[in-house]
Amino acid sequence: MSRRVKRLNVLFQAELAELIRDIRDPRLASIVSITHVDVSPDLENAQVHVSVLGDDAEKRGSIVALSHAAAFLRRELLHRLRVKHIPMLHFVLDESIEEAAHVLDLMRQVGGERPVSQ
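A. A look at the overall build of the protein chain. In terms of helices and strands, the protein chain carries four helices and three strands. Going residue by residue from the N terminus, the α and β elements of the protein chain occur as α-β-β-α-α-β-α. Counting only C-alpha atoms and orienting by the principal axes, one finds that the protein chain spans roughly 55 × 35 × 20 Å. Evaluated residue by residue, the protein chain yields a buried proportion of 36% over its 118 residues.

B. Looking closely at the pairing of strand β1 (residues 31–39). Two elements, β1 and strand β2 (residues 45–53), share eight bridges in a ladder whose sense is antiparallel. Within the sheet, the bridge partner assigned to Val37 lies in β2 and is Val48. In textbook terms, the turn of a hairpin is the stretch between consecutive antiparallel strands, and for β1 and β2 this stretch comprises five residues, one of which, Leu43, has a positive phi near 65°.

Scoring rules and cut-offs
Residues numbered from 1 in each chain as written. Predicted model: local features only at pLDDT ≥ 70, side-chain atom pairs only at ≥ 80, totals over all residues. Heavy atoms only, no water. Helix = DSSP H or I, 4+ residues; strand = E, 2+ residues; numbered from the N terminus. Buried < 20%, exposed > 50% of the residue type's maximum accessible area, 1.4 Å probe, protein only. Pairing = 2+ DSSP bridges.

In structure tokens form, the structure reads like this:
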């Protein structure tokens, strides 16, 4: 991965996190976080990995809402950043935080401690 793509990943993550806070859509769960962004080497597409706190319906609703807001978000990124081309945004649910919490609970159970999530 080139340095330019790495810089764009970090830049898009920061800007999208800020922009998403301003979206007023009832389908968005209360806590939506951008975990990371993967811009393709040709700079045409970007996978935006999103962590959503809530049940499965809230997670799906949040991804749908963000997908519908993708054109708005691209336009806002174009106005905010000094970049000639903004890639197409594709939102993907990232459940790695929940998986890590589950593994931590399992480790605590094996160690004899009480799980955090219960």
